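Listed below, chain by chain, are the residues.
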Amino acid sequence: MDVDTRLLRYFAAVAEEGNLTRAAERLYISQPALTKQIRQLEAQLDVRLFTRSRSGMALTEPGRALAAGVPALLADWDRVRRETRSAAARAERVLRVGFLASAANELTPSITAAFAHRRPRWRVEMRQAPWSDPTAGLAAGDVDAALLRIPFPGQNELRTEVLLTEERWVVLPAAHALAERDAIAFSELWDEPFVAAPPETGPWCDYWLAVDAREGRPVRIGAVTENPDDWLTAIANGYGIALAPESAARFYPRPGIVYRPVTGVAPTSVGVAWPPSADVDPVVQDFVRCCLDRRAPEQLDAD
């Protein structure tokens, strides 16, 4: 009997959360759909995995046995899947590079061109990720390297080098009362609703809400989005405002919104990131070298 790994991931989420509602939210599926999947797994294994009550979901003895083995099983499968996909990319001479939004800004074309010159028989496959994945596929092993906004969750487990640093600005609906200002103090925005990244991104979400610069003031969330298009639409429709890199004004201009400098928040950086296992990968290291050779002049001075 074969069991779908998706069912095992659903089981693991319920086991960890101890609550169907929280697990469903974490998995982005409805609670009835999750309940159906758990029942399907129980039917396939012919055991009862949970006892259900008003207080939550408690593991049965068979459920505890499965919960003890599932993490290692899923980790092994993820490793094999990553190695298989990486081998396929290598066979096709493709370097998979994840990125978010505008990647490394204006440096991106010159980086990919330099890599093409260094490795003429290879090509770079750029893969844009949603904001719900701040590592742009790197943590999951779906890409070989990534151009990312720093800081990001899991950064300490990866290699990173900063390529450029820029100020964070605020993005406002064009009709906003502060839209005509030349610059805005962040303290003037504390009570505004913000358009946020998905909450499961944790520190990433908090960083772009500048939680550390609010002096304990709670954040108002007007909308949650996962990509630049939905983000811009939410702001233009008046659901909230947002912090963004200064370069967003160049890469994402749009009628109905304005970008303004904001004071009182720290700048943001873009870096190249790769897994420690790629320290000995000559192709990945060639890409990293192309990135470092084209760092912004101010970043070279900072180093």
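Everything below is about the structure shown above.
Everything in this summary refers to the structure shown in the same document. Within each chain, residues carry numbers counting from 1 in the order of the written sequence. Selection of residues for local features in this predicted model requires a pLDDT of at least 70, selection of side-chain atom pairs for listing and counting requires 80 or more, and totals for whole chains, interfaces and linings are taken over all residues. Values reported for side chains reflect all heavy atoms of the structure, with hydrogen atoms and water molecules removed beforehand.

Focus on the overall build of the protein chain
Just so we agree on the cut-off: Runs of E in the DSSP output that reach at least two residues are strands. Runs of H or I that reach at least four are helices, and both are numbered from the N terminus. Exposed residues in this analysis have more than 50% of their type's maximum accessible area, buried residues have under 20%, and partly exposed residues fall in between, with area computed by a 1.4 Å probe over protein chains only. Computed by Shrake-Rupley with a 1.4 Å probe, the accessible areas treat only the displayed protein chains as cover when residues are assessed. This count recognises Lys and Arg as positive and Asp and Glu as negative, with His and chain-terminal groups excluded. The atoms used to mark charge sites are NZ of Lys, CZ of Arg, CG of Asp and CD of Glu.
For the protein chain, the helix and strand inventory stands at 10 helices and 13 strands. Taken over the C-alpha atoms alone, the protein chain extends approximately 65 × 50 × 30 Å along its principal axes. A buried classification covers 45% of the 303 residues belonging to the protein chain. Total accessible area on the protein chain stands at roughly 15,100 Å², and carbon and sulfur atoms take up 52% of it. Placing the 35 positive and 41 negative side-chain charges of the protein chain at their respective mean positions leaves the two points 5 Å apart.

Overview of helix α3 (residues 31-45)
Counted only if it meets this: To estimate how far a helix should extend, the number of its residues minus one is multiplied by 1.5 Å. By construction, the arc corresponds to the directions joining the helix axis to the C-beta atoms.
The terminal C-alpha atoms of α3 lie 21 Å apart, and with 15 residues this matches the ideal 21 Å at 1.5 Å per residue to within 8%. Of the positions making up α3, those classed as buried are Leu 34, Thr 35, Gln 37, Ile 38, Leu 41 and Glu 42. The arc enclosing the buried residues of α3, seen along the axis, measures out at 160°, which places them on a common side. Exposed side chains of α3 directed beyond 90 degrees from the buried face belong to Pro 32, Lys 36, Arg 39 and Ala 43. The positive-phi residue at the C-terminal boundary of α3 is Asp 46, with phi of around 60°.

Examining the packing of aromatic side chains
Note the threshold: Here is the rule: rings of Phe, Tyr and Trp (six-membered ring for Trp) pair when centre to centre is within 6.5 Å. Planes less than 30 degrees apart are stacked, more than 60 are edge-to-face, and the remainder are tilted. Should the NZ of a Lys or the CZ of an Arg lie within 6 Å of a ring centre and within 35 degrees of the ring normal, that charge is described as sitting over the ring.
Scanning the entire structure with this criterion turns up 6 aromatic pairs. Note on Phe 186 and Phe 194: the rings are 6.3 Å apart at their centroids and 80° apart in plane angle, and the pair reads as edge-to-face. One aromatic cluster is present, built from ring pairs that chain together Trp 204, Tyr 207 and Trp 208. Geometry around Tyr 207 places Arg 168 over its ring, the cationic atom sitting 4.0 Å from the centre. Over the face of the ring belonging to Trp 208 we find Arg 168, whose NZ or CZ atom lies 5.7 Å from the ring centre.

The values reported here are purely geometric and, on their own, carry no functional implication.
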